[in-house]
Amino acid sequence: MSPVRAGIAGIMLPTVFPSLDHALPVLWDHVRRHPVRAAHRDFLRLCIGPGGNNGVAHSLARSGRWSVTLYLGDTADRTAHPLTITTRHRP
């Protein structure tokens, strides 16, 4: 797979990785350090956690982009942090 650019707004600056396999463990490590509701964490684990990149890889192959919003905190003071992975990146 080609290089990917991945980041989480307000949490992790966009970074270019040699491949999706290099990017996902870093993204997952950032996600699991934050207060994410259990159901949302389970969804994200299936997408970017260990062994869960098939859907992301398929999306990147098809459109060059995959994104989801990471919601932190409880319902009353929840913050949204777009998590984005692309194969089309600027130098």
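Bringing the sheet that holds strand β3 (residues 65-72) into the picture now. Ordered in space as β2-β1-β4-β3, the four strands form an open sheet in which the pairing is antiparallel. Unpaired on one side and paired on the other, β2 (12-17) and β3 mark the two borders of the sheet. Ignoring which end each strand starts from, the neighbouring axes of this sheet average 15° apart. Sheet topology note: the β3/strand β4 (residues 79-86) ladder contains eight bridges and is antiparallel. Bridge pairing links S67 to T84 in β4.

Turning next to the side chain of T86. Among the structural elements, T86 can be located in strand β4. The buried category is assigned to T86, whose relative accessible area is 10%.

Tallied over the full model, the rule gives zero aromatic pairs. The side chain of R78 reaches across the aromatic face of Y71, ending 4.8 Å from its centre.

Calculation criteria
Residues numbered from 1 in each chain as written. Predicted model: local features only at pLDDT ≥ 70, side-chain atom pairs only at ≥ 80, totals over all residues. Heavy atoms only, no water. Pairing = 2+ DSSP bridges. Helix = DSSP H or I, 4+ residues; strand = E, 2+ residues; numbered from the N terminus. Axes fitted to C-alpha atoms, helices over the stretch in contact; angles between N-to-C directions. Buried < 20%, exposed > 50% of the residue type's maximum accessible area, 1.4 Å probe, protein only. Phe/Tyr/Trp six-rings, centres within 6.5 Å; stacked < 30°, edge-to-face > 60°. Lys NZ or Arg CZ within 6 Å of the ring centre and 35° of its normal.

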